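# Fold and contact review
Spelled out from the first residue to the last, the chains are:
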Number of protein chains: 2
Amino acid sequence: MRLAELSRRSGVATATIKYYLREGLLPPGRQVNATTAEYDDEHLRRLRLVRAMIQVGGLPVATVREVLRNVDDESLGRTIRLGAALWALPQVPEPDEDDEYVRAARREADELLDRLGWSNARLLTTISPAYRSLVVAVAAFRRLGYDWDSELLVSYAELMHEAAALDLDFVETRPSEAEKVETAVLGAVLTEPILQALRRLAQEEESARRYGFE
Amino acid sequence: MRLAELSRRSGVATATIKYYLREGLLPPGRQVNATTAEYDDEHLRRLRLVRAMIQVGGLPVATVREVLRNVDDESLGRTIRLGAALWALPQVPEPDEDDEYVRAARREADELLDRLGWSNARLLTTISPAYRSLVVAVAAFRRLGYDWDSELLVSYAELMHEAAALDLDFVETRPSEAEKVETAVLGAVLTEPILQALRRLAQEEESARRYGFE
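Residues numbered from 1 in each chain as written. Chains lettered and ligands numbered in written order. Predicted model: local features only at pLDDT ≥ 70, side-chain atom pairs only at ≥ 80, totals over all residues. Heavy atoms only, no water.

Naming follows an unreviewed UniProt entry, where chain A appears as Transcriptional regulator of Streptomyces corchorusii.

## A short note on the interface of chain B and chain A
Here is the rule we go by: In what follows, residue pairs with any heavy atoms lying within 4.5 Å of each other are defined as contacts. Buried area counts how much accessible surface, traced with a 1.4 Å probe, disappears from two parts once they are put together, with both parts' losses summed. Salt bridge, as applied in this entry: a Lys or Arg side-chain nitrogen positioned within 4 Å of an Asp or Glu carboxyl oxygen. Any pair of N or O atoms that falls within 3.5 Å is considered a polar contact. Within protein, one atom must be able to donate a hydrogen and the other to accept it, and sequence-neighbouring residues count only if both atoms are side-chain atoms.
Opposite the 85 residues of chain B that make contact, chain A presents 85 residues. Taken together, the two surfaces of chain B and chain A that pack against each other cover about 8400 Å², and 66% of this comes from carbon and sulfur. The interface formed by chain B and chain A includes 10 salt bridges. The partner of E172(B) in a salt bridge is R210(A), and the shortest N-O contact between them spans 3.1 Å. Across the chain B-chain A interface, the total number found is 30 residue pairs in polar contact (both at pLDDT 80 or more).

## Section: the environment of L113(B)
Rules: Counting from the N terminus, the helices are DSSP H or I runs at least four residues long and the strands are E runs at least two residues long.
Mapped onto the secondary structure, L113(B) falls in helix α6 (residues 100–116). Taking the C-alpha atoms as reference points, L113(B) and R78(B), 35 residues apart in sequence, are found 22 Å from one another. Sequence-distant contacts of L113(B), defined by excluding residues within four places in its chain, comprise L201(A), W118(B), A121(B), R122(B), T125(B) and Y131(B).

## Observations concerning a negative patch on the surface
The criterion, for reference: Two joining distances apply to patches: 9 Å for like charges and 5 Å for nonpolar side chains (Val, Leu, Ile, Met, Phe, Trp, Tyr), and every residue must have over 30% relative accessible area and no salt bridge. Areas reported as accessible are Shrake-Rupley estimates using a 1.4 Å probe. Residue values count occlusion only from the protein chains shown. Charged residues are defined narrowly, with Lys and Arg counted positive, Asp and Glu counted negative, and His plus the chain ends left uncounted. Lys charges are placed at NZ, Arg charges at CZ, Asp charges at CG and Glu charges at CD. Relative accessibility thresholds used throughout: buried, under 20% of the residue-type maximum; exposed, over 50%; partly exposed, between the two (1.4 Å probe, protein chains only).
Negative charge collects at one region of the surface, where E158(A), E162(A), E158(B) and E162(B) lie side by side. Relative to the elements of secondary structure, E162(A) occurs in helix α9 (residues 150–172). Among the residues examined, E162(A) registers a relative accessible area of 41% and is labelled partly exposed.

## A closer look at the pairing of strand β1 (residues 30–33) of chain B
It is a general feature of regular strands that their side chains alternate between the two faces of the sheet. Residue and element names in this part refer to chain B. In plain terms, the rule: If DSSP finds at least two bridges between two strands, the strands pair.
Here β1 runs beside strand β2 (residues 36–38); their pairing, made up of three bridges, is antiparallel. Looking across to β2, one finds that R30 is bridged to E38. Between the antiparallel neighbours β1 and β2 lie two residues.

Here is the structure:
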């Protein structure tokens, strides 16, 4: 397809597509003559991914480029490729290891992973931004004096494990390896707001069931 | 307790506490003489809540004041009081009703609530920011051309309903009505990053189980 059709089918303005091409977020089309290039379904898919990250996820162009480099690196195995793409997304800063709450939260997170039997996640704790996020979030909770018991954390983690299995089942329905990795990245950007909205709706529903509207 | 002890026990600097008092985010202490006021455990608890919203949740002072007004309004029933407090949190803007994807997402969200039997949440769709967030998130997903099937949305919603029941079970362990409402607000601000981190960790774990690390 020509640029005009790519624009029409993706809903992205031609000027924006040209900008993405210049920035290397979209591979060049096949040049058919000096002024015309042909694009295919892969361009369309990539354009949707870029648009999701920039317009929905609010990521800067440099971050998108970094994510795409990992998505496209076929030398990596799937777990690492998915991980590398997700890890390029914005992350929480390194926690302060001199902080007693951070140290306690790290112990609590490690115990949680052991209890859950998440031995693979346990192997990644030194490099995983998700683990770092958990430590930071648990430390924030504890610093405020909340004595949330660890049973609750286990229950939440088990629910999230079910959600993760659904995520990966969906990823596996995608036909090509490139689409699988793209879908995983999109899932991180797009399904988190959906889950958050569903959780708040479920809270409203459950609250009304328990306490009514009075 | 005096201001110095309130500061020590909360970990919040005295200058910051004085600022919160001036801004009306913290009720005044009991004046014992011209220069000294006494504070109690309720001040300590409120201070932790304010700190969570400002320092962890990143909310502006005006929003915190609005949330607290709802938390403190004893004329409201619990569902409405919880809702009103949560609804003062930052929300997604109104979706554009002229947009075909928004209209389709609204139909999809309504069908989802019907299928789930969330009749209470269904009653709140005209006013609930959570419902609006869901419509916006689903529209963003569809606009990108993703044909995520509605079964998956039902499964995610059922998991989030289990999470919401855990949330409310925890809220109910709090002794007073004021603490229940405060805990619900804190849950919205503090447990969302925990769930998000757990989901990403679970994805790493599940991905490594399915595909290994190669």
